[in-house]
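A structural walkthrough
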Amino acid sequence: MAQIIPVAPFDYVVFGGTGDLALRKLLPALYHRHQDQQITGPSRIIAVARSALSRDAYIAKVLEWLKGQVGSDFDEATWAAFADRIHYVAVDATGDAGWPDLAAALADGGSKVRVFYLATAPDLFGPICRSLKAAGLATPDSRVVLEKPIGTDLASARKINDEVGAVFAEQQIYRIDHYLGKETVQNLLALRFANSLFEPLWSSAWIDHVQITVAETVGVESRAGYYDKSGALRDMVQNHLLQLLCLVAMEPPRQMDKDAVRDEKLKVLRALKPMKAPDVLSSIVRGQYKAGASRGEGVPGYLDELGHESHTETFVALKVEIQNWRWAGVPFYLRTGKRMSEKVSEIAIQFRPVPHSIFPADAGVIDPNRLIVRLQPNEGIRLHMMTKEPGPGGLRLRPASLNLSFAETFKIRNPDAYERLLMDVVRGNPTLFMRRDEVEAAWTWVEPILETWERRAEPPKPYVAGTTGPAAAIALIERDGRTWNEEAE
Ligand SMILES: NC(=O)C1=CN([C@@H]2O[C@H](COP(=O)(O)OP(=O)(O)OC[C@H]3O[C@@H](n4cnc5c(N)ncnc54)[C@H](OP(=O)(O)O)[C@@H]3O)[C@@H](O)[C@H]2O)C=CC1
Ligand SMILES: O=C1O[C@H](COP(=O)(O)O)[C@@H](O)[C@H](O)[C@H]1O
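Residues numbered from 1 in each chain as written. Chains lettered and ligands numbered in written order. Predicted model: local features only at pLDDT ≥ 70, side-chain atom pairs only at ≥ 80, totals over all residues.

Per an unreviewed UniProt entry, the protein goes by the name Glucose-6-phosphate 1-dehydrogenase and belongs to Elstera litoralis. The protein has a UniProt comment under Sequence similarities (unreviewed entry) that states "Belongs to the glucose-6-phosphate dehydrogenase family." (UniProt positions renumbered as here; feature names shortened; annotations may be inferred.)

1. Here we look at the environment of Asn485
Structurally, the position occupied by Asn485 is in the segment after helix 16 (471-478). By the C-beta count within 10 Å, which is 17 here, Asn485 ends up partly exposed. Put simply, Asn485 and Ile347 are 138 residues apart on the chain and 9.4 Å apart in space, counted from C-alpha to C-alpha. (Helix = DSSP H or I, 4+ residues; strand = E, 2+ residues; numbered from the N terminus. Buried ≥ 20, exposed ≤ 12 C-beta atoms within 10 Å, placed from the backbone.)

2. Section: the site of ligand 2
The environment of ligand 2 is formed by Lys148, His178, Glu216, Asp235 and Ser345. Split by residue class, the shell around ligand 2 holds no nonpolar, 2 polar and 3 charged. (Near = placed C-beta within 6 Å. Nonpolar A, V, L, I, M, F, W, Y, C, P; charged D, E, K, R; others polar.)

3. Things to note about the UniProt feature "active site" (unreviewed entry) in the protein
The UniProt record marks His240 with the feature "active site" (unreviewed entry), using the residue numbering of this structure. Tracing the backbone through its elements, the reader meets His240 in helix 9 (residues 231-249). Since 22 C-beta atoms lie within 10 Å of it, His240 is described here as buried.

4. Comments concerning unusual backbone geometry
Glycine aside, a negative phi is what most residues show, and trans is what most peptide bonds show. Cis geometry is adopted by the peptide bond preceding Pro149, which originates at Lys148 and carries an omega value of 5 degrees. With an omega dihedral of -15 degrees, the bond running from Gln376 to Pro377 counts as a cis peptide bond. Backbone geometry places Arg295, a non-glycine residue, at a positive phi of 45 degrees. Its location among the elements puts Arg295 in the loop between strand 9 (292-294) and strand 10 (297-299). Given 10 C-beta atoms within 10 Å, Arg295 falls into the exposed group. The phi torsion at Arg339 lies on the positive side, around 55 degrees, for a residue other than glycine. Assignment of secondary structure puts Arg339 in the loop between strand 12 (332-337) and strand 13 (344-351). Given 31 C-beta atoms within 10 Å, Arg339 falls into the buried group.

5. Some remarks on the site of ligand 1
In the vicinity of ligand 1 there are 23 residues, among which Gly19, Leu21, Ala49, Ser51 and Ala93 approach most closely. Residue contributions to the shell around ligand 1 peak at 3 residues, all from helix 1 (residues 20-35). For the shell around ligand 1, a count of residues per class yields 11 nonpolar, 7 polar and 5 charged.

6. What to know about the packing of helix 5 (residues 125-134) against helix 6 (residues 154-165)
Two elements in contact, helix 5 and helix 6, have axes separated by 8 Å at closest approach and are oriented at 5 degrees. Judged on the interaxial angle alone, helix 6 and helix 5 are roughly parallel. Contacts from Phe125, Gly126 and Cys129 in helix 5 reach Ile160, Glu163 and Val164 in helix 6. Considered class by class, the residues forming the contact of helix 5 with helix 6 number 4 nonpolar, 1 polar and 1 charged. (Axes fitted to C-alpha atoms, helices over the stretch in contact; angles between N-to-C directions. Parallel < 35°, antiparallel > 145°, perpendicular 65-115°, else oblique. Contact = placed C-beta atoms within 7 Å.)

7. A word on the sheet that holds strand 5 (residues 143-146)
Within a beta sheet, neighbouring strands are joined by backbone hydrogen bonds and run either parallel or antiparallel to one another. In space, the 6 strands of this open sheet follow the order 3-2-1-4-5-6, with parallel pairing throughout. The sheet is open, and its two borders are formed by strand 3 (86-90) and strand 6 (173-175), each paired with just one other strand. Along the sheet, successive strands turn relative to each other by an average axial angle of 20 degrees, direction set aside. Sheet analysis places strand 2 (residues 44-49) next to strand 3, joined by 5 bridges and oriented parallel. Pairing of Val48 across the sheet is with Val89, part of strand 3. On the sheet, helix 4 (residues 99-107) packs against strand 1 (10-15), strand 2 and strand 3 and is oriented at approximately 155 degrees with respect to strand 3. (Pairing = 2+ DSSP bridges.)

8. Considerations on the nonpolar core
In terms of nonpolar packing, the biggest core is built from 127 residues, with Val14, Tyr117 and Leu245 touching the most fellow members. For this core, the element with the highest residue contribution is helix 9, accounting for 12 residues. A domain split of this core shows at least three residues from each of domain 1 (10-147) and domain 2 (180-411 + 435-478). Filtering out sequence-adjacent residues up to four positions away, Val14 remains in contact with Ala22, Leu26, Ile45, Ala47, Val48, Tyr117 and Ala119. (Core = buried A, V, L, I, M, F, W, Y, C linked by C-beta atoms within 7 Å. Domains from an automatic or database assignment.)

9. Details of the UniProt feature "binding site: substrate" (unreviewed entry) in the protein
Following the UniProt record, one finds the feature "binding site: substrate" (unreviewed entry) at His178, Lys182, Glu216, Asp235, Lys338 and Lys343. Among the secondary structure elements, Lys338 is positioned in the loop between strand 12 and strand 13. Taking the C-beta count within 10 Å as the criterion, Lys338 has 24 such neighbours and is therefore assigned buried. Not counting residues up to four positions away in its chain, the partners in contact with Lys338 are Glu216, Val218, Gly219, Val220, Tyr289 and Thr314. As for its position among the elements, Lys343 is in the loop between strand 12 and strand 13. Among the residues examined, Lys343 registers 13 C-beta atoms within 10 Å and is labelled partly exposed.

10. A closer look at the packing of helix 9 against helix 15 (residues 436-456)
In contact at an axis separation of 11 Å, helix 9 and helix 15 are set at 145 degrees when each is read in the N-to-C sense. Our pair here, helix 9 against helix 15, has a crossing hand that is right-handed. On helix 15, the residues that touch Leu233, Val237, Gln238, Asn239 and Leu242 of helix 9 are Ala442, Trp443, Val446, Ile449 and Leu450. (Left-handed = near helix turned anticlockwise from the far one by under 90°.)

11. Here we look at the domain arrangement of the protein
Interface size is commonly expressed as the accessible area that is lost once the parts come together. As assigned here, the protein comprises domain 1 (10-147) and domain 2 (180-411 + 435-478). A separation of 34 Å is found between the C-alpha centroids of domain 1 and domain 2.

12. Details of helix 10 (residues 258-271)
Its 14 residues place the ends of helix 10 20 Å apart at the C-alpha level, agreeing with the 20 Å of an ideal helix rising 1.5 Å per residue. Within helix 10, the full set of buried residues consists of Val261, Arg262, Lys265, Leu266, Val268 and Leu269. Across the axial projection of helix 10, the buried residues extend over an arc of 160 degrees, all falling on one side. Along its buried surface, helix 10 packs onto helix 9 and helix 15. (Expected span 1.5 Å × (residues − 1). Arc of directions from axis to C-beta.)

As structure tokens, this is what we get:
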């Protein structure tokens, strides 16, 4: 049984409270934390949105979504107590309406931790923060959580950071990247820094290359409006995939502390080899899904869903290099896409072959070791090794795996990333959140790619929905004599 340490009583003010993110992720995460008795005393969730809704109507909406999201963890008694914590205030973030009501709701809050979670479009972050200040609600101890995306390029990210920074000090600002809250992503830190086994091997001396894959089976569906202005590079690579890369590649931080960890990640981002125009053409593949099949059912293409022509990429594969002593010459292959053959997020560390084989040729081929960190689904860690095939006579080598399945080992529900992150904000621990300089360093690296794409105005390569992406992505890695890890679980 995991140890649950209750957090101090809080007022969580969720802007965008009627939105998809709040209803699908944030409220269910808070429900689970409440159910596990981590949320204490008079803690409240104050949902804020434009719609004129009564508290009862909002609670009914939450209930409808929650049942679908938490499944068998739903129970009436827990829900009744959780619903008591929920309040709703209609506020227009870009106008004057509703702010006095929010101030009145917070006035009887007592001395609780105050968190403003901005689950809205990022162009509202500045106006919301200014209004919070004008209404006297942004106290020196309160915290603000910024959902991704933080801007669409470096200039817009800086503008948002400046606007929010004019109201809140950096230590009050929590820029969320929910991948950092995933259990297996934190396990990557445990794997690297709570075991002495891997660190001596963790460099170009022993590692041939690294692959990071985040594949989804879903299409863009109801988020097409947002997604078409974003694309896979902005939506997934600039944040989630680069954060994963940082955790694989960073030097050991001196301690698990907010600045020690974020300083090391920042060094990696700054060491990424810049993508000049020729590199963009040779090292990156953009794709867009056409109609196909997903889990046995026909699905439309991206353009059919969107209803107009678009060059936005729904898939991207990149070969990335890190210019430092540890990683010189070790390619990091990243890929992410929508409407892929299966939902899988994993990191594959491919070790170098043995320097010399002592075995006769008929013993079989010696596959180099491969370490797979599976982020989702079937979270766990697998180490592929060579073993001797059992039996007398001769000596034949066979690949086999050491398999650590988290579900089988720990037998507890795998909490959603938001559960941990929402509680970390209340605890005042920003280690698993992005600092301003990290976000801006990531945009600095991504921006020349976007500029090259814009200048060339080439359409992305088509791929059939339900496949592993465009053929050019396979060629990207095979040109180097390597292959994507597609092994089945
Ligand atoms: N959905 C997801 O899975 C993820 C979303 N994000 C990001 O989070 C943000 C929110 O996403 P999502 O929930 O999907 O968006 P939705 O469009 O579903 O929700 C937007 C929310 O913002 C509110 N809102 C809009 N304008 C105003 C305004 N002027 N004043 C007050 N409230 C306003 C809406 O209120 P009302 O309904 O009353 O108009 C609604 O609650 C986006 O930036 C998105 O990119 C990030 C990661 C994942
Ligand atoms: O931030 C985002 O992440 C989701 C994928 O998250 P996961 O936890 O389901 O792996 C992605 O679908 C979405 O487009 C993106 O904005």
